[in-house]
Amino acid sequence: YISNVKINSEEIDSWTKFGVNNFYDVDDYGPINKVINWKDDVYFFQDKAVGKYSINPRAVTSTDDGIPTELGSAKGFQDHAYISNKHGSIHQWAITDTDAGIYYFDGIHKKIFRTNTDTNQPLSEMRGVHGFLKNFKGDISLRKENGGDNPIVGRGVHVVRDQINNEVIFTFLGIFTASVLQ
């Protein structure tokens, strides 16, 4: 859903008002599980897709007299574009951003990806851990509505950025089923 347009000096903040028909629709690759603002673009993650859209993009051009002029559409959202319509993330906590890109875990295909601008790189295949990830079973594949995707109760995947060591840490929770532990 999209809020109303903000106007300077208004008495009631329009950003707190959401009209019934004020929404932006994307293609049906599952629900939007996470939205991240990265390098002036908004990236959204669905079950089987990763896309991005710009908010009020502008371009600077020069006129004949050399004065720079800023051009914009005055629209909030522009058309969205998909980076991938095969791989996404079912886990809201399995996505984090760094200076190099956005890292995420695709729970359906059990792969780790890094996306930046217009590319989606399968890091788990490039780094040789795809076979390791393929063997994960148990609560790691559960969706939120099935009691999964909740790091507090030890289910799902949690990805964080370690800013001190400049690393991305993946924590896989609920990998083993109860029958394995017996």
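What you see is a predicted model; the values in this text were computed from it and never measured.

> Help me out: how do you make sense of the pairing of strand E11 (residues 156-162) in this one?
Consecutive side chains of a regular strand alternate in pointing toward one face of the sheet and then the other. As judged from the 7 bridges shared by E11 and strand E12 (residues 167-173), these two strands associate in the antiparallel manner. Bridge pairing in E12 links arginine 161 to valine 168. Hairpin connection between E11 and E12: a loop of 4 residues separates the two successive antiparallel strands, and asparagine 166 in this loop has a positive phi of roughly 55°.

> Sorry, what's going on with the sheet that holds strand E10 (residues 119-122) here?
Backbone hydrogen bonds are what pair the strands of a sheet, in a parallel or an antiparallel way. Overall, antiparallel pairing links the 4 strands, which are arranged E7-E8-E9-E10 in an open sheet. Each having just a single partner strand, strand E7 (95-97) and E10 make up the two edges of the open sheet. For this sheet, the mean inter-axis angle between neighbouring strands, taken without regard to orientation, is 25°. Sheet topology note: the strand E8 (residues 102-106)/strand E9 (residues 111-116) ladder contains 5 bridges and is antiparallel.

What counts as what
- Residues numbered from 1 in each chain as written.
- Predicted model: local features only at pLDDT ≥ 70, side-chain atom pairs only at ≥ 80, totals over all residues.
- Heavy atoms only, no water.
- Pairing = 2+ DSSP bridges.
- Helix = DSSP H or I, 4+ residues; strand = E, 2+ residues; numbered from the N terminus.
- Axes fitted to C-alpha atoms, helices over the stretch in contact; angles between N-to-C directions.

The values are spatial; any link to function lies outside them.
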